[in-house]
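Examining the three-dimensional arrangement
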Amino acid sequence: MSNVFFNITYGHFLVLAAVMFCIGVIGVLLRRNALIVLMSIELQLNAANITVLTFARMHNDMHGHALAFIVIAVAAAEAAVGLAIVVAVFRSRHHADIDRLTSLKH
Amino acid sequence: MKSDLIYLIPMLPLLGAAFNLILGPKLSRRVVHFVAVGSVAAAFFVALYLFVGPLWDQYQAHKHGKAHTAALYQHVYTWIEVGSLKLDLAFALDTLSGVMIMVVTFVGMLIHIYSTGYMAHDKRYAAYFGYLNLFTGAMLILVLANNLPVMFIGWEGVGLCSYLLIGFWFEKEEFAYAGRKAFIINRVGDFAFLLGMFLIWMSMSGVEGIGGAHALDFYKAATENGTWTLSHGITDSHLQPWLWNTVGDGRMALIGGILLFIGATGKSAQIPLYIWLPDAMAGPTPVSALIHAATMVTAGVYMVARMSFMYANSTGAMAVVAGVGAITALFAAIMAFAQTDLKKVLAYSTISQLGFMFTAVGVGAYSAGIFHLVTHAFFKAGLFLAAGSIIHAMSGSGDITKMGGLRAKLPRTHISFLIYCVAISGIFPLSGFFSKDEILAGAFGAHAQDWSWGLYGEFLWLVLTLAALGTAFYMFRLYFLVFGGECRADDETKAHIHESPASMTVPLLILAGFTCVLGGLGLPHIGGLPNLMHSWLEPSVSATASAWAGHPHGVTLYALMGSALVFGLAGIGLAYALYSKGPSEAVARWTSGGIGAKVHKVVYNKFYVDEFYELVILRPFRWIARSTWEFVDKFVIDTVFVTGTAVVVDVAGRIARWVQNGQVQRYMVGIVVGAALIFGFSSRGPADKFGYTQDMSVACGATPAPGACMVTLRADVGAGPSVQGAHVVWRFSDKLVMRGFEVKKTFSKAGKYKVVMEVQGGALQDAKKTRSYSRTIELKTTMGKAGGGAK
C-alpha cells in the first residue's frame, strides 16, 4: 500500500492528469461564470500537457515537449483573447453569466 | 452564277416574317401588308427570273441531249458534318421544284393580297401576315431542298405555321383544339417520315457513288465539272442498291417508301391521317386556301414525285400509294355529300383531289399528278377564296342550308365560283378536265411488270371515276345550294349581303382566268398535241417509273375522255335535279326515313371515323395520361418530391433550432457525451477467445519427432481503449507457460491438446482478476502432403 505513495510512477502522473481534466470538464459544464469557465479550460489544457509530457518521458521522445510548449503558447493566447472578450461583455452587460449570453445563436 | 439567287426565294418571305413578327405590331397596317405582300412578290419575281432564264436554258440543253444538266444547284453552307454523315443546306432548282415555286409564290402572292381585304379588321394583323410569310418561306424551303433533312425543315416549318394559323383565333376553344389536332396528327406522320429518312441513310450511306456522305441528297455531283444530276441518273448500276438493299426481311425501297408515304398521309390528309383537315377549316379562309388547299397539303405529292427514283424501285410501295390515294379520293368524295358547311365540303373535296394526285404519282404518272397539283392549286385556292367572299357576305356564317340565290348579289364571286366548279368537275375545256383525265388515263393503263394483280390499274380507274362522279355531284350541290333558288337566310343577314372589295375579287378573277387556260399545259396524247408538262418534268422524275403508268392511245383514250366527261356531266345533272332550287323534296323524302335516313346519318357523321379514333386511341390515351398525371405528377412529384423535400427540411430545421440554442454549456455536454459514445462504441469488450493455425509446411507425424508440428496461437481479447493494457498467458498441457497476444508453439506429434488462455487486466477491467478460457486444439498429420516432407 505504501508503495503507491512512495514509488512515484508514470501512472501517478497520468492519474493526476485525468483528475485535472475531469475537474476541468466539470467546471466547464457546470459553472455559470465565464471567468471560471475559462479557468476550467486552462485546467484541461494543462492536464493534457501533463499527459503529453508523461508519455514523452516514457518513450524518450522530445516531440512531446515541443507539443507542450505549443499548447502553453496557444493557452496564453486563448486566455488573453478570452479574458478580453469576457471583460468587453461584462462592460456592456454588467454580468458574465454564460446562461444569459445566448444572442450568438441568431 | 445565276443559281446563287436561289436562296433568295425562301429568304425573302422569311425576312418578311421576321419583320412582321418582331416589328409589325407597332407599325401601321399599311406597312405590314406592304412588307408581307412585297416580300412574297419579290420572291415570285426572283423565281420567275430563274424559271424563264437559267432553268429554261438547262431544260433546253437537256432536251437536246446535253446529258444531265437539268438542275440549278446552290450550296449555302454545310449544316451538319458528323462522321460519314454530311448534310448541306443546299437548294436544287429543277423542273419539278420550278413548277412548285411558281405555284407557291404566285398563288401565295394572290392570297396575301386577298388577305389584306379579308383580315382588314383583325386585331393581330401583323401576326397573321408574319405567320403567312413564315409559311411561304418554309414551303419554299421544302420544295427547294436538295436533301431529305432540309426538306424536313420545311416540312416541319409548314406544319408549325399550319398549327399557328388554324388556331389563329384561339380565343375560341374549338379553334384552338382544331390547331392542336392538326399538329398532333401531323406529328404521327412526321415520325414515320423521320423513320423513313433514317432507314434510307442506314441502308444507303455505305454505297459508293449513290451513298457516301450524300446518301440523302436528291441531286449529286456527277462529274468534276460541277454538274448536278438526279440521284438515279448517274449510271444504271447505281439503281441496284435501291433495288436490292434490304432492311431486315424487307427491301429498303419498299419499307422506306411506305414510311415516307405515311409521313405524306399526315401532311397531305390521306387515309388514315386525314381527319385533321376538315377541322383545320377553323382557320381564316385565306389560310385554308393557301395552306390547306393549294400548297402545304400537296407537299406529300411533291415528296413522292421528288423521291421517284426510290419509288420507281418498289412496285409494292407505289401500289400502296396509288391504292390509298384512290380509296381516299372516293371515300372523301362520299363524305362531302352530306356536309352542310361550305368550307367543310371544300375540305373533303381537297382530301379527295389529293387522293387523285397520290394515285397519279403512285402509278408513276408523275407529270399527271403534278399537273393536277398545279391546276388544283388554282381552282381550289379560288374556291376557298370565293367561299371566303361568300362567308364575308353572309355575315360570317358558312352554313349552306341558309344560303341560296346569291347569284345576283355576288356577281364576280359567282362567275369565278362557277368556273372553279366546272373545272374541278372535269368539264372540257377547263384545266381540271385535262389534269383529271390524264390521271384517269394513267391509272387505267397502269401495269407493273412484276405485279401479279392484272386488273389493279382498271380497279384504280374505276374507283377514281366514281370519285370524279361524286366530285361533280357535291361541287354542284354546293353551287346550287349557295347560288341557286331563293335565299334561305334570315332577314338581317339578307340585308347585309354585299359583294366583297376589289382586293378580294381581283385575285378570284385572276385565279379563274388561270383555271381556264392552264389546261393547255397538259394536252392529251392526241395527234401531235404537245404535253408540255410531261416533257418539262421528264428530267426531274425517274424515267423508269413511267413504265408503270399507262399511255392509252387512239380509241381507248377517246373512250376514257368521253366517259370522264359523261360522268362529270352526270354528276352535275344529278345535282341539278336534286338541288337546283334548294334542297328538293326528293332529297327530303329520301333522308327522312328508312334506309336512306340511315345512310345519310352515317355519311353525315363522316362514317364515324372521328368517333372511332376517339374510342380506340384517344380514350385509352387520355386514361393513361390522367393516371400518369394523378400518380406520377400529383403524387410522386408534387407530394413526395416537392412537399416531401419541404417537410424534411422543416423537420431538420426544427431539430437544429432546438440544438442551436446559444447555451454554450449544452454544446459542451454534447461534446463530452459524443466523446464518451465514440469511446464506448469503438470498444468491443473482452472477448477472451483464441484461434490457431497449424503450419502445414512443417513435418508433423503421428510419432514423436523433435521440432515437428508447429502451431500459431492468436488471442482475441476485444478491441478499443477499454481492453488496452491486457496481458495474455498461455498454459499448455506440458506445463509450459508462454506470454503474448500471439505465440508459436511446437508439439512433438500430431494429436489433440488442451490449451488454456488466461487474460489479466485491461483498462476497464479489474487488474487482479484473471479470466481464463480453455480449448482443445487438434494438430493434423502432414505426412504425404505437399510440403510435408516427413519420413
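Per chain, residue numbering runs from 1 following the sequence as it is written. Lettering of chains starts at A and numbering of ligands starts at 1, both following the order in which they are written. With the structure being a predicted model, the display of local features is reserved for residues of pLDDT at least 70 and the display and counting of side-chain atom pairs for 80 or more, all residues being used for whole-chain, interface and lining totals.

1. Re the overall build of chain B
The following threshold applies: A run of H or I in DSSP counts as a helix once it spans at least four residues, and a run of E counts as a strand once it spans at least two, with each numbered from the N terminus. Three exposure classes are used, all based on how many other C-beta atoms lie within 10 Å of a residue's own C-beta (placed from the backbone): buried at 20 or more, exposed at 12 or fewer, and partly exposed between those limits. We call two residues in contact when the distance between their C-beta atoms, placed using the backbone, is within 7 Å.
On a plain count of helices and strands, chain B comes out with 26 helices and 13 strands. When each of the 791 residues of chain B is scored for burial, the buried share is 48%. Across chain B, every contact between residues at least 6 apart in sequence was considered, and the portion connecting residues at least 24 apart equals 77%.

2. Section: the overall build of chain A
So the rule is basically this: Here the globule rule is a power law, 2.2 Å times the number of residues to the power 0.38, and the radius of gyration is based on C-alpha atoms.
On a plain count of helices and strands, chain A comes out with four helices and zero strands. Secondary structure of chain A in N-to-C order comes out as α-α-α-α. Computed over its C-alpha atoms, the radius of gyration of chain A comes to 18 Å, more than 25% above the 13 Å expected for a compact globule of 106 residues. For the C-alpha atoms alone, the extent of chain A along its principal axes is close to 55 × 30 × 20 Å.

3. Observations concerning the interface of chain B and chain A
The cut-off we apply is this: Just so you know the grouping, Ala, Val, Leu, Ile, Met, Phe, Trp, Tyr, Cys and Pro go in nonpolar, Asp, Glu, Lys and Arg go in charged, and all remaining residues, Gly too, go in polar.
Opposite the nine residues of chain B that make contact, chain A presents nine residues. Of the residues contributing to the side of chain B that touches chain A, the split by class is four nonpolar, five polar and no charged.

4. Looking at the sheet that holds strand β9 (residues 727-732) of chain B
Residue and element names in this part refer to chain B. Cut-off, in case you're wondering: DSSP-based pairing: two strands are paired if at least 2 bridges between them are found. Throughout, an axis means a line fitted to C-alpha atoms (over the contacting stretch in the case of helices), and angles, computed between N-to-C directions, take values from 0 to 180 degrees.
What the four strands build is an open sheet, ordered β10-β9-β12-β13; its pairing is antiparallel. Both outer strands of the open sheet, β10 (737-739) and β13 (770-779), are each paired with one neighbouring strand and no more. This sheet shows a mean twist of 25° between the axes of neighbouring strands, independent of strand direction.

5. Quick look at the packing of helix α17 (residues 431-444) of chain B against helix α18 (residues 456-483) of chain B
Residue and element names in this part refer to chain B. What counts, and what does not: The cut-offs work like this: below 35 degrees is roughly parallel, past 145 is roughly antiparallel, 65 to 115 is roughly perpendicular, and the gaps in between are oblique.
One way to put it is that α17 packs onto α18 with a least axis distance of 7 Å and a crossing angle of 155°. Considered as vectors, α17 and α18 are oriented roughly antiparallel to each other. Contacts between α17 and α18 involve Lys436, Ile439, Leu440, Ala443 and Phe444 from the first element and Gly457, Glu458, Leu460, Trp461, Leu464, Thr465 and Ala468 from the second. Residue composition of the contact of α17 with α18, grouped by class: eight nonpolar, two polar and two charged.

6. Quick notes on helix α5 (residues 148-166) of chain B
Operational definition: Take the number of residues in a helix, subtract one, and multiply by 1.5 Å to get its expected span.
Between its first and last C-alpha, α5 of chain B extends 26 Å over 19 residues, near the 27 Å set by a 1.5 Å rise per residue. In terms of burial, α5 of chain B is a largely internal element, 14 of the 19 residues being buried.

7. Topic: the sheet that holds strand β7 (residues 689-694) of chain B
Residues and elements named next belong to chain B. Across the sheet, which stays open at both edges, the three strands sit in the order β7-β8-β11 with antiparallel pairing between neighbours. What marks the edges here is a single partner per strand, and that holds for β7 and β11 (742-746). Averaged over all adjacent pairs, the angle separating strand axes in this sheet is 25°, with direction ignored. Pairing of β7 with strand β8 (residues 710-716) involves six bridges; the strand directions are antiparallel. Paired with Gln694 across the strands is Val711, a residue of β8.

8. Quick notes on the environment of Leu48 of chain B
Topologically, Leu48 of chain B is positioned in helix α2 (residues 29-63). On a C-alpha basis, the gap between Leu48 of chain B and Gly24 of chain B in space is 28 Å, while along the polypeptide they are 24 residues apart.

9. Regarding the nonpolar core
All names here are of chain B. Short version of the rule: For the purposes of this analysis, a nonpolar core is taken to be any set of buried Ala, Val, Leu, Ile, Met, Phe, Trp, Tyr and Cys residues that are connected through C-beta atoms within 7 Å.
The biggest cluster of nonpolar side chains holds 218 residues, and the ones touching the most others in it are Val107, Leu144, Ala381 and Leu464. Broken down by element, the residue count for this core peaks at 19 residues, all from α18. The residues contacting Val107, other than those within four sequence positions of it, are Leu290, Ala294, Thr295, Ala377, Phe378 and Ala381.

10. Describing the environment of Val31 of chain B
Residues and elements named next belong to chain B. Here Val31 shows up in helix α2. When the 15 C-beta atoms within 10 Å are taken as the criterion, Val31 is described as partly exposed. Distance from Val31 to Ala126, taken between C-alpha atoms, is 9.4 Å for residues 95 residues apart in sequence.

11. A closer look at the confidence of the model for chain A
Threshold: For every residue, the predictor reports its confidence as pLDDT, a number between 0 and 100.
On average, residues of chain A score 90 in pLDDT, and 97% of them reach the 70 mark or higher. The secondary-structure element of chain A with the lowest mean pLDDT is helix α1 (residues 2-6) of chain A, recorded at 73, while helix α4 (residues 63-93) of chain A shows the highest, at 94.

12. Observations concerning the pairing of β9 of chain B
Residues and elements named next belong to chain B. Both β9 and strand β12 (residues 751-760) contribute to a ladder of six bridges, which runs antiparallel. Counterpart to His727 in the pairing with β12 is Gln760. Strand direction decides the pairing type here: β9 and β10, joined by three bridges, are antiparallel. For Arg731, the partnering residue across the bridge sits in β10 and is Val737. Hairpin connection, β9 to β10: the antiparallel pair is bridged by four residues, and Lys735 has positive phi, about 70°.

13. A word on the pairing of β12 of chain B
Direction of pairing for β12 of chain B relative to β13 of chain B: antiparallel, over a ladder of ten bridges. By the bridge assignment for β13 of chain B, Val755 of chain B is matched with Arg775 of chain B.

14. Some words on the environment of Trp730 of chain B
Residue and element names in this part refer to chain B. Tracing the chain through its elements places Trp730 in strand β9. Look at Trp730 and you get partly exposed, because 18 C-beta atoms sit within 10 Å. Considered as a pair, Trp730 and Ser772 are 42 residues apart in the sequence and their alpha carbons are 9.5 Å apart. Contact partners of Trp730, with chain neighbours within four places excluded, come to Leu713, Val737, Met738, Val743, Val755 and Met757.

15. Observations concerning helix α14 (residues 342-362) of chain B
Its 21 residues place the ends of α14 of chain B 30 Å apart at the C-alpha level, agreeing with the 30 Å of an ideal helix rising 1.5 Å per residue. Within α14 of chain B, 21 of the 21 residues are buried, leaving the element largely enclosed by the surrounding structure.

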